[in-house]
Amino acid sequence: MKIANFKFLLIFVLVFLMVFTTFSCSSGETLNNDARKETAATNDESETEAQIVPDVPQKDYDGADFHILHWENIEEQDGEIVNDAMFRALSEIKEQLNINFVGTKLDSILDIQPAVSKSVMAGDNAYQLILTHCIEQTASMAVAHILYNLNDIPGCDFSKPYWNQTMNDTLAVQDVLLYSVNRFIMEGPQVIFFNKQMIEDFTLESPYDLVHSGKWTWDKLGEMAKPVSADINGDGVFDVNDQYGFSSMVDWQFVSIQFSCDQRTTIKNEEGYPVIDVANEKMVGIVEKIYDLIYTDNKSYVYPYHGGTGNGNMFAEGRLLFQLDGVGASTNLRSVDIPFGIIPLPKYDEQQKNYVNNSLTSLLCVPIDVADPEKTGIVMELLGYKYDLYVKPAYYDIYLKVKALRDDDSAEMLDIIFDNLVYDFGLNFGTYNAISWMLPRMMLAKTTDVMSYIEKNITAVENTYNKICDTMIEDYGTN
(Lines give C-alpha, C1' and ligand atoms only; values in the text may rest on other atoms or scores of the structure.)
Protein backbone atom coordinates (compact mmCIF):
# COMPACT_ATOMS: atom_id res chain seq x y z
CA MET A 1 0.00 0.00 0.00
CA LYS A 2 2.91 2.36 0.28
CA ILE A 3 4.61 4.53 -2.27
CA ALA A 4 6.55 1.98 -4.28
CA ASN A 5 3.43 -0.02 -4.98
CA PHE A 6 1.27 3.05 -5.58
CA LYS A 7 2.80 4.70 -8.60
CA PHE A 8 -0.21 3.63 -10.61
CA LEU A 9 -2.40 2.25 -7.84
CA LEU A 10 -6.02 3.03 -7.12
CA ILE A 11 -6.68 4.92 -10.32
CA PHE A 12 -9.75 2.85 -11.06
CA VAL A 13 -11.16 -0.52 -10.32
CA LEU A 14 -8.72 -1.93 -12.86
CA VAL A 15 -6.20 -2.17 -10.04
CA PHE A 16 -8.40 -4.81 -8.47
CA LEU A 17 -8.62 -6.77 -11.70
CA MET A 18 -4.86 -7.28 -11.89
CA VAL A 19 -4.85 -11.00 -11.36
CA PHE A 20 -8.31 -12.38 -11.92
CA THR A 21 -8.07 -12.22 -15.70
CA THR A 22 -5.36 -14.85 -15.57
CA PHE A 23 -7.04 -17.29 -13.20
CA SER A 24 -8.13 -20.40 -15.10
CA CYS A 25 -10.70 -22.92 -13.93
CA SER A 26 -9.68 -26.52 -13.50
CA SER A 27 -11.86 -29.01 -15.38
CA GLY A 28 -13.38 -30.36 -12.19
CA GLU A 29 -14.64 -26.94 -11.11
CA THR A 30 -16.00 -25.43 -14.31
CA LEU A 31 -19.24 -23.61 -13.65
CA ASN A 32 -22.22 -23.07 -15.84
CA ASN A 33 -21.16 -19.50 -16.58
CA ASP A 34 -23.99 -18.91 -19.03
CA ALA A 35 -26.52 -19.59 -16.29
CA ARG A 36 -24.63 -17.38 -13.85
CA LYS A 37 -24.42 -14.58 -16.40
CA GLU A 38 -28.15 -14.86 -16.99
CA THR A 39 -28.80 -14.64 -13.26
CA ALA A 40 -26.44 -11.67 -12.92
CA ALA A 41 -28.19 -9.94 -15.81
CA THR A 42 -31.61 -10.53 -14.22
CA ASN A 43 -30.41 -9.17 -10.89
CA ASP A 44 -28.86 -6.20 -12.66
CA GLU A 45 -32.17 -5.45 -14.38
CA SER A 46 -34.16 -5.56 -11.14
CA GLU A 47 -31.58 -3.46 -9.34
CA THR A 48 -31.65 -0.92 -12.16
CA GLU A 49 -35.40 -0.49 -11.73
CA ALA A 50 -34.89 0.22 -8.05
CA GLN A 51 -32.18 2.81 -8.54
CA ILE A 52 -32.71 6.21 -6.97
CA VAL A 53 -32.10 8.70 -9.73
CA PRO A 54 -29.96 11.71 -8.77
CA ASP A 55 -31.74 15.02 -8.46
CA VAL A 56 -29.45 17.20 -10.56
CA PRO A 57 -30.40 20.24 -12.67
CA GLN A 58 -30.38 20.23 -16.45
CA LYS A 59 -27.07 21.70 -17.57
CA ASP A 60 -25.23 22.28 -20.83
CA TYR A 61 -21.55 23.06 -20.36
CA ASP A 62 -20.86 23.69 -24.07
CA GLY A 63 -18.30 20.91 -24.44
CA ALA A 64 -16.08 22.23 -21.63
CA ASP A 65 -13.26 20.02 -20.37
CA PHE A 66 -13.63 18.44 -16.95
CA HIS A 67 -10.17 17.69 -15.56
CA ILE A 68 -9.65 14.79 -13.13
CA LEU A 69 -6.24 14.54 -11.49
CA HIS A 70 -4.51 11.15 -11.17
CA TRP A 71 -6.96 9.39 -13.43
CA GLU A 72 -6.89 7.88 -16.88
CA ASN A 73 -9.85 8.45 -19.15
CA ILE A 74 -11.63 5.53 -20.79
CA GLU A 75 -11.32 6.51 -24.42
CA GLU A 76 -13.03 3.59 -26.16
CA GLN A 77 -14.75 0.25 -25.77
CA ASP A 78 -12.52 -2.79 -26.03
CA GLY A 79 -14.86 -5.70 -25.34
CA GLU A 80 -13.71 -6.10 -21.72
CA ILE A 81 -16.81 -5.94 -19.57
CA VAL A 82 -15.59 -3.51 -16.88
CA ASN A 83 -13.90 -1.17 -19.36
CA ASP A 84 -17.03 -1.05 -21.48
CA ALA A 85 -19.22 -0.39 -18.44
CA MET A 86 -16.97 2.54 -17.52
CA PHE A 87 -17.10 3.82 -21.08
CA ARG A 88 -20.89 3.67 -21.08
CA ALA A 89 -21.14 5.51 -17.76
CA LEU A 90 -18.78 8.28 -18.84
CA SER A 91 -20.38 8.59 -22.28
CA GLU A 92 -23.83 9.09 -20.82
CA ILE A 93 -22.58 11.79 -18.45
CA LYS A 94 -20.73 13.51 -21.29
CA GLU A 95 -23.89 13.53 -23.38
CA GLN A 96 -26.16 14.64 -20.53
CA LEU A 97 -23.95 17.57 -19.50
CA ASN A 98 -22.13 18.24 -22.78
CA ILE A 99 -18.70 18.01 -21.17
CA ASN A 100 -15.44 16.32 -22.06
CA PHE A 101 -13.52 14.26 -19.50
CA VAL A 102 -9.77 14.83 -19.37
CA GLY A 103 -7.55 12.72 -17.14
CA THR A 104 -4.11 13.68 -15.86
CA LYS A 105 -2.02 10.69 -14.77
CA LEU A 106 0.90 11.43 -12.45
CA ASP A 107 4.07 9.39 -12.13
CA SER A 108 3.71 8.98 -8.38
CA ILE A 109 1.06 9.38 -5.72
CA LEU A 110 3.50 11.79 -4.05
CA ASP A 111 2.99 14.21 -6.94
CA ILE A 112 -0.66 14.84 -6.11
CA GLN A 113 -0.29 17.41 -3.33
CA PRO A 114 2.40 19.44 -5.17
CA ALA A 115 0.18 19.50 -8.27
CA VAL A 116 -2.87 20.65 -6.33
CA SER A 117 -0.91 23.22 -4.31
CA LYS A 118 0.60 24.66 -7.47
CA SER A 119 -2.82 24.97 -9.09
CA VAL A 120 -4.40 26.55 -6.01
CA MET A 121 -1.55 29.04 -5.64
CA ALA A 122 -1.89 30.02 -9.29
CA GLY A 123 -5.69 30.07 -9.13
CA ASP A 124 -5.82 28.47 -12.55
CA ASN A 125 -8.60 25.93 -11.86
CA ALA A 126 -6.43 23.22 -13.43
CA TYR A 127 -8.41 20.36 -11.87
CA GLN A 128 -12.06 19.95 -11.03
CA LEU A 129 -11.79 16.60 -9.25
CA ILE A 130 -8.96 14.61 -7.62
CA LEU A 131 -8.48 10.91 -6.96
CA THR A 132 -5.99 10.55 -4.15
CA HIS A 133 -4.46 7.80 -2.05
CA CYS A 134 -6.41 6.59 0.99
CA ILE A 135 -3.55 7.37 3.42
CA GLU A 136 -0.64 9.09 1.69
CA GLN A 137 -0.91 12.92 1.93
CA THR A 138 -4.51 12.91 3.21
CA ALA A 139 -3.47 14.58 6.46
CA SER A 140 -1.02 17.03 4.90
CA MET A 141 -3.52 18.15 2.26
CA ALA A 142 -6.19 18.52 4.93
CA VAL A 143 -4.11 21.01 6.92
CA ALA A 144 -2.73 22.80 3.83
CA HIS A 145 -6.14 24.37 3.16
CA ILE A 146 -6.13 23.40 -0.50
CA LEU A 147 -9.30 21.28 -0.51
CA TYR A 148 -12.98 22.13 -0.69
CA ASN A 149 -15.36 21.24 2.15
CA LEU A 150 -17.55 18.71 0.34
CA ASN A 151 -20.43 19.35 2.73
CA ASP A 152 -20.66 22.80 1.16
CA ILE A 153 -20.46 21.70 -2.46
CA PRO A 154 -23.77 22.05 -4.33
CA GLY A 155 -25.07 19.16 -6.42
CA CYS A 156 -24.05 16.30 -4.11
CA ASP A 157 -26.64 14.38 -2.14
CA PHE A 158 -24.67 12.17 0.24
CA SER A 159 -27.88 10.44 1.36
CA LYS A 160 -28.13 8.65 -1.98
CA PRO A 161 -27.12 4.96 -1.94
CA TYR A 162 -24.29 5.35 -4.42
CA TRP A 163 -22.39 7.42 -1.85
CA ASN A 164 -20.56 5.63 0.94
CA GLN A 165 -22.09 7.49 3.85
CA THR A 166 -20.30 5.33 6.41
CA MET A 167 -16.99 6.44 4.95
CA ASN A 168 -18.16 10.05 4.85
CA ASP A 169 -19.20 9.96 8.51
CA THR A 170 -15.86 8.45 9.46
CA LEU A 171 -13.72 10.98 7.60
CA ALA A 172 -15.69 14.08 8.60
CA VAL A 173 -14.61 16.26 11.52
CA GLN A 174 -17.79 17.84 12.81
CA ASP A 175 -19.17 19.44 9.61
CA VAL A 176 -15.94 19.39 7.60
CA LEU A 177 -15.64 16.68 4.96
CA LEU A 178 -12.60 16.91 2.70
CA TYR A 179 -12.61 13.37 1.28
CA SER A 180 -15.43 11.19 0.14
CA VAL A 181 -16.20 7.92 -1.63
CA ASN A 182 -18.96 6.93 -4.03
CA ARG A 183 -19.36 4.19 -6.62
CA PHE A 184 -16.82 5.93 -8.86
CA ILE A 185 -14.39 4.25 -6.45
CA MET A 186 -14.78 0.50 -5.96
CA GLU A 187 -13.93 -0.95 -2.55
CA GLY A 188 -10.72 -2.94 -2.08
CA PRO A 189 -10.86 -5.23 0.96
CA GLN A 190 -8.33 -7.87 1.97
CA VAL A 191 -9.37 -11.53 1.72
CA ILE A 192 -8.05 -15.02 2.41
CA PHE A 193 -7.32 -17.31 -0.54
CA PHE A 194 -7.20 -20.99 0.35
CA ASN A 195 -5.96 -24.12 -1.40
CA LYS A 196 -8.83 -26.57 -1.75
CA GLN A 197 -6.57 -29.53 -2.51
CA MET A 198 -4.66 -29.05 0.73
CA ILE A 199 -7.92 -28.85 2.67
CA GLU A 200 -8.79 -32.27 1.25
CA ASP A 201 -5.31 -33.77 1.59
CA PHE A 202 -5.02 -32.86 5.27
CA THR A 203 -8.68 -33.68 6.05
CA LEU A 204 -9.34 -30.15 7.31
CA GLU A 205 -12.68 -28.52 7.96
CA SER A 206 -14.34 -26.72 5.09
CA PRO A 207 -13.51 -23.00 5.30
CA TYR A 208 -16.89 -22.22 3.76
CA ASP A 209 -18.68 -24.17 6.50
CA LEU A 210 -16.60 -22.47 9.16
CA VAL A 211 -17.57 -19.05 7.83
CA HIS A 212 -21.27 -19.92 7.77
CA SER A 213 -21.19 -21.40 11.27
CA GLY A 214 -19.43 -18.32 12.69
CA LYS A 215 -16.43 -20.43 13.72
CA TRP A 216 -13.93 -18.94 11.25
CA THR A 217 -11.56 -17.20 13.70
CA TRP A 218 -7.84 -16.40 13.79
CA ASP A 219 -7.40 -19.20 16.33
CA LYS A 220 -9.04 -21.64 13.91
CA LEU A 221 -6.82 -20.46 11.05
CA GLY A 222 -3.75 -21.07 13.20
CA GLU A 223 -5.04 -24.50 14.21
CA MET A 224 -5.52 -25.48 10.56
CA ALA A 225 -2.18 -23.99 9.50
CA LYS A 226 -0.09 -26.01 11.97
CA PRO A 227 -0.30 -29.53 10.44
CA VAL A 228 0.25 -28.20 6.92
CA SER A 229 3.63 -26.58 7.49
CA ALA A 230 6.60 -28.81 6.60
CA ASP A 231 10.31 -28.67 5.83
CA ILE A 232 9.66 -30.30 2.47
CA ASN A 233 13.25 -30.19 1.21
CA GLY A 234 14.56 -31.67 4.46
CA ASP A 235 17.38 -29.21 4.95
CA GLY A 236 16.39 -28.45 8.55
CA VAL A 237 15.63 -24.80 7.75
CA PHE A 238 12.19 -23.30 7.19
CA ASP A 239 12.48 -20.83 4.33
CA VAL A 240 10.75 -19.80 1.13
CA ASN A 241 11.31 -23.24 -0.37
CA ASP A 242 9.13 -25.02 2.20
CA GLN A 243 5.40 -25.44 2.85
CA TYR A 244 3.26 -23.28 5.14
CA GLY A 245 -0.21 -22.85 6.47
CA PHE A 246 -0.30 -19.06 6.18
CA SER A 247 1.57 -16.30 4.39
CA SER A 248 1.36 -12.54 4.05
CA MET A 249 3.37 -9.38 3.81
CA VAL A 250 3.55 -7.72 7.23
CA ASP A 251 2.27 -4.28 6.32
CA TRP A 252 -1.19 -2.94 5.41
CA GLN A 253 -2.39 -6.54 5.35
CA PHE A 254 -1.82 -6.72 9.10
CA VAL A 255 -3.67 -3.47 9.62
CA SER A 256 -6.60 -5.28 8.00
CA ILE A 257 -6.15 -8.13 10.49
CA GLN A 258 -6.75 -5.65 13.30
CA PHE A 259 -9.92 -4.43 11.61
CA SER A 260 -11.12 -7.99 10.97
CA CYS A 261 -11.17 -8.37 14.76
CA ASP A 262 -13.57 -5.41 14.92
CA GLN A 263 -10.90 -3.23 16.49
CA ARG A 264 -10.58 0.34 15.16
CA THR A 265 -7.68 2.71 15.68
CA THR A 266 -9.94 5.61 16.66
CA ILE A 267 -13.56 6.28 17.60
CA LYS A 268 -15.40 9.60 17.47
CA ASN A 269 -16.18 11.40 20.71
CA GLU A 270 -19.26 13.55 21.32
CA GLU A 271 -17.54 16.56 19.78
CA GLY A 272 -16.88 14.66 16.54
CA TYR A 273 -13.15 14.34 17.18
CA PRO A 274 -11.34 11.01 16.73
CA VAL A 275 -10.02 9.49 19.95
CA ILE A 276 -7.43 6.70 19.98
CA ASP A 277 -9.04 3.47 21.14
CA VAL A 278 -6.41 0.70 21.20
CA ALA A 279 -5.45 0.50 24.88
CA ASN A 280 -7.77 -2.40 25.65
CA GLU A 281 -7.81 -6.13 26.28
CA LYS A 282 -8.91 -6.96 22.75
CA MET A 283 -5.87 -5.28 21.23
CA VAL A 284 -3.69 -7.27 23.61
CA GLY A 285 -5.47 -10.42 22.49
CA ILE A 286 -5.06 -9.58 18.80
CA VAL A 287 -1.33 -9.04 19.19
CA GLU A 288 -0.91 -12.31 21.08
CA LYS A 289 -2.98 -14.34 18.59
CA ILE A 290 -1.15 -13.02 15.54
CA TYR A 291 2.26 -13.31 17.19
CA ASP A 292 1.52 -16.98 17.86
CA LEU A 293 0.35 -17.47 14.28
CA ILE A 294 3.46 -16.09 12.65
CA TYR A 295 6.21 -16.99 15.13
CA THR A 296 5.20 -20.33 16.67
CA ASP A 297 5.61 -23.83 15.14
CA ASN A 298 6.70 -22.52 11.73
CA LYS A 299 3.04 -22.17 10.75
CA SER A 300 3.60 -19.04 8.68
CA TYR A 301 5.91 -17.45 6.18
CA VAL A 302 5.77 -13.65 6.49
CA TYR A 303 7.95 -10.89 5.14
CA PRO A 304 8.26 -7.10 5.54
CA TYR A 305 7.38 -4.42 2.99
CA HIS A 306 10.94 -3.09 2.99
CA GLY A 307 13.69 -5.61 2.45
CA GLY A 308 11.35 -8.56 2.11
CA THR A 309 11.87 -11.28 -0.45
CA GLY A 310 8.20 -12.11 -0.91
CA ASN A 311 6.85 -15.62 -0.78
CA GLY A 312 7.73 -16.61 -4.32
CA ASN A 313 5.18 -18.89 -5.94
CA MET A 314 4.11 -20.75 -2.82
CA PHE A 315 0.41 -20.52 -3.53
CA ALA A 316 0.67 -21.24 -7.24
CA GLU A 317 2.91 -24.24 -6.53
CA GLY A 318 0.53 -25.70 -3.97
CA ARG A 319 2.79 -25.09 -0.96
CA LEU A 320 0.53 -22.69 0.89
CA LEU A 321 -2.84 -23.27 2.54
CA PHE A 322 -3.94 -19.70 3.31
CA GLN A 323 -2.78 -16.48 1.68
CA LEU A 324 -3.84 -13.03 2.88
CA ASP A 325 -4.09 -10.62 -0.02
CA GLY A 326 -6.26 -7.97 -1.64
CA VAL A 327 -9.47 -8.95 -3.40
CA GLY A 328 -7.66 -8.31 -6.66
CA ALA A 329 -4.83 -10.55 -5.47
CA SER A 330 -1.24 -9.84 -6.51
CA THR A 331 1.24 -10.70 -9.20
CA ASN A 332 2.39 -13.92 -7.58
CA LEU A 333 -1.11 -15.35 -8.09
CA ARG A 334 -1.37 -14.65 -11.78
CA SER A 335 -0.58 -18.14 -12.95
CA VAL A 336 -2.53 -20.03 -10.31
CA ASP A 337 -4.04 -23.21 -11.75
CA ILE A 338 -4.76 -25.06 -8.51
CA PRO A 339 -8.28 -25.33 -7.06
CA PHE A 340 -8.74 -22.39 -4.71
CA GLY A 341 -11.43 -20.54 -2.84
CA ILE A 342 -11.89 -17.13 -1.28
CA ILE A 343 -13.18 -16.35 2.22
CA PRO A 344 -13.27 -13.29 4.50
CA LEU A 345 -10.58 -12.55 7.03
CA PRO A 346 -11.32 -14.45 10.26
CA LYS A 347 -13.07 -12.98 13.30
CA TYR A 348 -11.41 -12.33 16.65
CA ASP A 349 -13.53 -15.00 18.31
CA GLU A 350 -16.86 -16.75 17.83
CA GLN A 351 -18.68 -14.10 19.88
CA GLN A 352 -17.88 -11.43 17.29
CA LYS A 353 -21.06 -10.76 15.33
CA ASN A 354 -19.81 -10.13 11.80
CA TYR A 355 -16.84 -10.77 9.54
CA VAL A 356 -15.36 -7.29 9.28
CA ASN A 357 -12.89 -5.74 6.87
CA ASN A 358 -11.54 -2.31 6.09
CA SER A 359 -11.40 -0.97 2.58
CA LEU A 360 -8.22 0.51 1.15
CA THR A 361 -9.37 2.55 -1.81
CA SER A 362 -8.65 5.92 -3.31
CA LEU A 363 -10.59 8.96 -2.13
CA LEU A 364 -12.36 11.78 -3.94
CA CYS A 365 -11.53 15.39 -3.15
CA VAL A 366 -11.92 18.78 -4.80
CA PRO A 367 -9.40 21.66 -4.92
CA ILE A 368 -10.51 24.71 -3.00
CA ASP A 369 -10.03 26.97 -6.03
CA VAL A 370 -12.51 25.08 -8.22
CA ALA A 371 -14.19 27.71 -10.40
CA ASP A 372 -17.61 26.09 -10.62
CA PRO A 373 -18.33 24.02 -7.50
CA GLU A 374 -21.83 23.17 -8.69
CA LYS A 375 -20.51 21.61 -11.90
CA THR A 376 -18.08 19.48 -9.93
CA GLY A 377 -20.83 18.46 -7.53
CA ILE A 378 -23.14 17.47 -10.36
CA VAL A 379 -20.42 15.46 -12.07
CA MET A 380 -19.52 13.68 -8.81
CA GLU A 381 -23.17 12.85 -8.26
CA LEU A 382 -23.58 11.43 -11.76
CA LEU A 383 -20.31 9.51 -11.59
CA GLY A 384 -21.52 7.79 -8.43
CA TYR A 385 -24.92 7.04 -9.93
CA LYS A 386 -23.77 5.81 -13.34
CA TYR A 387 -20.97 3.69 -11.91
CA ASP A 388 -23.43 2.16 -9.49
CA LEU A 389 -25.76 1.46 -12.41
CA TYR A 390 -23.25 -0.06 -14.82
CA VAL A 391 -19.77 -0.58 -13.37
CA LYS A 392 -20.63 -2.13 -10.03
CA PRO A 393 -22.61 -5.04 -11.53
CA ALA A 394 -20.05 -5.48 -14.30
CA TYR A 395 -17.17 -5.65 -11.85
CA TYR A 396 -18.77 -7.33 -8.88
CA ASP A 397 -21.56 -9.54 -10.19
CA ILE A 398 -20.04 -10.60 -13.50
CA TYR A 399 -16.29 -10.01 -13.53
CA LEU A 400 -15.49 -11.20 -10.02
CA LYS A 401 -18.28 -13.67 -9.43
CA VAL A 402 -18.59 -15.18 -12.89
CA LYS A 403 -15.19 -14.79 -14.53
CA ALA A 404 -12.79 -14.81 -11.62
CA LEU A 405 -14.13 -17.20 -9.02
CA ARG A 406 -14.43 -20.91 -9.46
CA ASP A 407 -17.45 -21.83 -7.38
CA ASP A 408 -20.69 -20.40 -6.09
CA ASP A 409 -19.44 -20.63 -2.49
CA SER A 410 -16.65 -18.13 -3.18
CA ALA A 411 -19.14 -15.83 -4.90
CA GLU A 412 -21.29 -15.99 -1.77
CA MET A 413 -18.22 -15.18 0.33
CA LEU A 414 -17.76 -11.97 -1.66
CA ASP A 415 -21.20 -10.82 -0.52
CA ILE A 416 -20.18 -11.36 3.10
CA ILE A 417 -16.87 -9.54 2.55
CA PHE A 418 -18.29 -6.50 0.76
CA ASP A 419 -21.31 -6.18 3.05
CA ASN A 420 -19.23 -5.60 6.19
CA LEU A 421 -16.66 -2.95 5.34
CA VAL A 422 -15.57 -0.46 8.00
CA TYR A 423 -13.46 2.69 7.99
CA ASP A 424 -11.31 4.61 10.42
CA PHE A 425 -10.26 8.26 10.63
CA GLY A 426 -7.13 7.20 12.50
CA LEU A 427 -6.02 5.00 9.61
CA ASN A 428 -6.89 7.29 6.72
CA PHE A 429 -5.37 10.36 8.37
CA GLY A 430 -2.61 8.44 10.14
CA THR A 431 0.19 8.57 7.54
CA TYR A 432 1.43 5.18 8.74
CA ASN A 433 1.98 6.45 12.29
CA ALA A 434 2.95 4.23 15.22
CA ILE A 435 -0.66 3.72 16.34
CA SER A 436 -2.42 3.29 12.99
CA TRP A 437 0.34 0.89 11.89
CA MET A 438 0.58 -0.69 15.33
CA LEU A 439 0.06 -4.39 14.58
CA PRO A 440 2.55 -4.74 11.69
CA ARG A 441 5.19 -2.74 13.55
CA MET A 442 4.84 -4.78 16.72
CA MET A 443 5.02 -8.02 14.75
CA LEU A 444 8.15 -6.92 12.91
CA ALA A 445 9.68 -5.89 16.24
CA LYS A 446 8.65 -9.29 17.66
CA THR A 447 7.04 -7.80 20.75
CA THR A 448 3.68 -8.41 22.42
CA ASP A 449 3.97 -5.68 25.07
CA VAL A 450 0.97 -3.69 23.90
CA MET A 451 0.71 -1.27 26.81
CA SER A 452 4.38 -0.29 26.74
CA TYR A 453 4.17 0.26 22.99
CA ILE A 454 1.08 2.46 23.36
CA GLU A 455 2.52 4.41 26.27
CA LYS A 456 5.62 5.17 24.22
CA ASN A 457 3.78 6.35 21.12
CA ILE A 458 0.30 7.57 21.99
CA THR A 459 1.03 11.18 23.01
CA ALA A 460 2.70 12.15 19.74
CA VAL A 461 -0.04 10.54 17.68
CA GLU A 462 -2.81 12.14 19.76
CA ASN A 463 -1.20 15.54 19.25
CA THR A 464 -1.04 14.95 15.50
CA TYR A 465 -4.69 13.94 15.24
CA ASN A 466 -5.77 16.91 17.37
CA LYS A 467 -3.76 19.29 15.21
CA ILE A 468 -5.36 17.93 12.05
CA CYS A 469 -8.85 18.28 13.46
CA ASP A 470 -8.28 21.72 15.00
CA THR A 471 -6.83 23.02 11.74
CA MET A 472 -9.74 21.67 9.69
CA ILE A 473 -12.27 23.27 12.02
CA GLU A 474 -10.41 26.57 12.09
CA ASP A 475 -9.79 26.76 8.34
CA TYR A 476 -13.30 25.89 7.27
CA GLY A 477 -15.09 27.96 9.90
CA THR A 478 -17.60 25.39 11.07
CA ASN A 479 -19.60 26.07 14.22
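Source: prediction; values computed, not measured.

Looking now at the overall build of the protein chain. Regarding its fold elements, the protein chain presents 15 helices and 13 strands. For the protein chain, buried positions account for 59% of its 479 residues. A fraction of 80% describes how many contacts in the protein chain between residues 6 or more apart in sequence connect residues 24 or more apart.

On to the pairing of strand E2 (residues 99-104), then. The pairing of strand E1 (residues 64-69) with E2 spans 6 bridges and is classified as parallel. From the neighbouring strand, aspartate 65 faces E2, where its bridge partner is asparagine 100. Read from E1 through helix H2 (residues 81-97) to E2, the crossover connection turns out right-handed.

Moving on, we come to the sheet that holds E2. The strands that make up a sheet are held in pairs by hydrogen bonds between backbone atoms, and each pair lies either parallel or antiparallel. The 4 strands are arranged E2-E1-E3-E12 in an open sheet whose pairing can be described as mixed. Strands at the two margins of the open sheet, each flanked by one partner only, are E2 and strand E12 (363-365). Averaged over all pairs of adjacent strands, the angle between strand axes in this sheet comes to 25°, irrespective of strand direction. Strand direction decides the pairing type here: strand E3 (residues 129-132) and E12, joined by 3 bridges, are antiparallel. Paired with leucine 131 across the bridge in E12 is leucine 364. Lying over the sheet, helix H3 (residues 112-122) contacts E1 and E3, oriented at roughly 160° with respect to E3.

The subject of this paragraph is the environment of serine 256. For serine 256, the location among the structural elements is in helix H9 (residues 252-260). Given a relative accessible area of 0%, serine 256 falls into the buried group. The spacing of serine 256 and valine 356 is 100 residues in sequence and 9.1 Å in space, taken between C-alpha atoms. Those residues in contact with serine 256, other than ones at most four positions away along the chain, are Gln190, Leu345, Asn357, Asn358 and Leu360.

Right, let's talk about the sheet that holds strand E5 (residues 244-250) for a bit. Strand order in the open sheet made by the 5 strands is E8-E5-E9-E4-E10, with mixed pairing throughout. Strand pairing shows two members of the sheet lacking a second neighbour, strand E8 (300-304) and strand E10 (340-343), which therefore form its edges. Direction aside, neighbouring strands of the sheet carry axes that sit 20° apart on average. In the sheet, E5 pairs with strand E9 (residues 320-326) via 3 bridges, with the strands oriented parallel. Of the residues in E9, the one forming a bridge with serine 247 is glutamine 323.

Quick look at the environment of alanine 144 now. Inspection of the secondary structure puts alanine 144 in the loop between helix H4 (138-143) and helix H5 (165-171). With 327 residues separating them along the chain, alanine 144 and threonine 471 place their C-alpha atoms 8.9 Å apart.

Calculation criteria
- Residues numbered from 1 in each chain as written.
- Predicted model: local features only at pLDDT ≥ 70, side-chain atom pairs only at ≥ 80, totals over all residues.
- Heavy atoms only, no water.
- Helix = DSSP H or I, 4+ residues; strand = E, 2+ residues; numbered from the N terminus.
- Buried < 20%, exposed > 50% of the residue type's maximum accessible area, 1.4 Å probe, protein only.
- Contact = heavy atoms within 4.5 Å.
- Pairing = 2+ DSSP bridges.
- Right-handed = clockwise from strand over helix to strand, strands pointing away.
- Axes fitted to C-alpha atoms, helices over the stretch in contact; angles between N-to-C directions.

Any functional reading would require information beyond the geometric quantities listed.
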